[in-house]
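# Structural characterization, general
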Amino acid sequence: MSLGIRTRALFTLWFAIFLIAGCAHQPGANSTFPFESQWSGRLALKAQSTPPQAFSADFELGGSAEAGQLAFYTPLGTTAAKLQWAPGTATLAAEGQIRQFDSVEALVQQATGAELPVQALFDWLRGTATPVPGWSVDLSALEQGRLMAQRDEPSLPGIELRIILQR
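These lines cover the structure that appears in this document, whether it is placed above or below. Keep in mind it's a predicted model, so treat the numbers as computed, not measured.

This part takes up the packing of aromatic side chains. Under the definition given, this model contains 4 aromatic pairs. Centre to centre, the rings of W39 and F122 are 5.8 Å apart; their planes meet at 65 degrees, and the pair counts as edge-to-face. Residue W39 is found in strand β1 (residues 38–47), and its partner F122 is found in helix α3 (residues 118–125); the two are separated by 83 residues along the sequence. Residue classification places W39 among the buried positions, given a relative accessible area of 14%. Both rings, one in F55 and one in F72, keep their centres 5.0 Å apart while their planes meet at 85 degrees; by these two values the pair is edge-to-face. Residue F55 is found in strand β2 (residues 53–63), and its partner F72 is found in strand β3 (residues 68–73); the two are separated by 17 residues along the sequence. The class of F55 is partly exposed, set by a relative accessible area of 26%. Within the aromatic cluster, the residues linked to one another by ring pairs are W39, W85 and F122.

Tallying each qualifying case throughout the model produces 2 salt bridges. Here R162 and E160 are joined by a salt bridge, their closest N and O atoms 3.0 Å apart. You can call E160 buried: its relative accessible area is 18%.

Formed by 36 residues in total, the largest nonpolar core has its most connected members in F59, L83, W85 and I163. With 6 residues, the top contributor of residues to this core is α3. Not counting residues within four places of it along the chain, the set of residues in contact with I163 comprises R42, L43, F59, L121, L125, G145, R146 and L147.

A separate point is the side chain of E60. Its place among the elements puts E60 in strand β2. Buried within the structure, E60 lacks any salt-bridge partner; K82 is the closest side chain of opposite charge, at an N-O distance of 8.3 Å. One polar contact links E60 to Y73, side chain to side chain, over a distance of 2.6 Å.

Looking only at helix α2 (residues 104–112), the buried set comprises V104, L107, V108 and T112. Burial along α2 is one-sided: seen end-on, the buried residues are contained in an arc of 105 degrees. A positive backbone phi angle near 80 degrees is found at G113, which sits one or two residues after α2.

Our focus in this paragraph is α3. The buried fraction of α3 is high, at 7 of 8 residues. Those residues of α3 not exposed but buried are V118, A120, L121, F122, D123, W124 and L125. The first or second residue beyond α3 is G127, which carries a positive phi of 95 degrees.

So, about the pairing of β2. Two strands pair when backbone bridges link them, and β1 and β2 are joined in this way by 10 bridges, in the antiparallel orientation. Residue S40 lies in a different strand from β2, and its bridge partner there is E60. Two successive antiparallel strands, β1 and β2, enclose a turn made up of 5 residues. Relative to β3, β2 is paired through 6 bridges, and the arrangement is antiparallel. Bridging across to β3, D58 finds its partner in Y73. Between β2 and β3, which follow one another and run antiparallel, lie 4 residues.

Cut-offs applied
- Residues numbered from 1 in each chain as written.
- Predicted model: local features only at pLDDT ≥ 70, side-chain atom pairs only at ≥ 80, totals over all residues.
- Heavy atoms only, no water.
- Phe/Tyr/Trp six-rings, centres within 6.5 Å; stacked < 30°, edge-to-face > 60°.
- Helix = DSSP H or I, 4+ residues; strand = E, 2+ residues; numbered from the N terminus.
- Buried < 20%, exposed > 50% of the residue type's maximum accessible area, 1.4 Å probe, protein only.
- Salt bridge = Lys/Arg side-chain N within 4 Å of Asp/Glu carboxyl O.
- Core = buried A, V, L, I, M, F, W, Y, C linked by side-chain atoms within 4.5 Å.
- Contact = heavy atoms within 4.5 Å.
- Lys, Arg positive; Asp, Glu negative; His and termini not counted.
- Polar contact = N/O pair within 3.5 Å; in protein donor to acceptor, adjacent residues only side chain to side chain.
- Arc of directions from axis to C-beta.
- Pairing = 2+ DSSP bridges.

Read these as layout, nothing more, since geometry by itself doesn't imply function.
Now the structure itself:
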């Protein structure tokens, strides 16, 4: 009788693994973003605030600083948050709620907990090292899909942004 229970337990475990693997999201695999410019991969953000904060997730980004969409995914592939913006409107859908913002900058601040140079970020992803006061960017490994930027403004908490693009 214990062999039957063990067999059912193994079957249940394999079935659960199959379901989880089937639901897992790979950024870029089935993108529904209607934008010409698109990126996907892994993003990590650290803020040297009090207390220090860190955030990392798989992501898909499409569009531009003027109109676009950004989705963050959990390790199991479910959508953790979806950000959308267009002139005059910006929304954050997360945790079963939809919140409205006046600008993409305010939206990104709320979603990530950090002020990020949104316009420059799109330029950096395209390979243009647009200067931003208080920020430094390293695009030397962009050909290999890696981007690193830091806010080193002495009067503000330091921020480190690392992006690994999916190829």
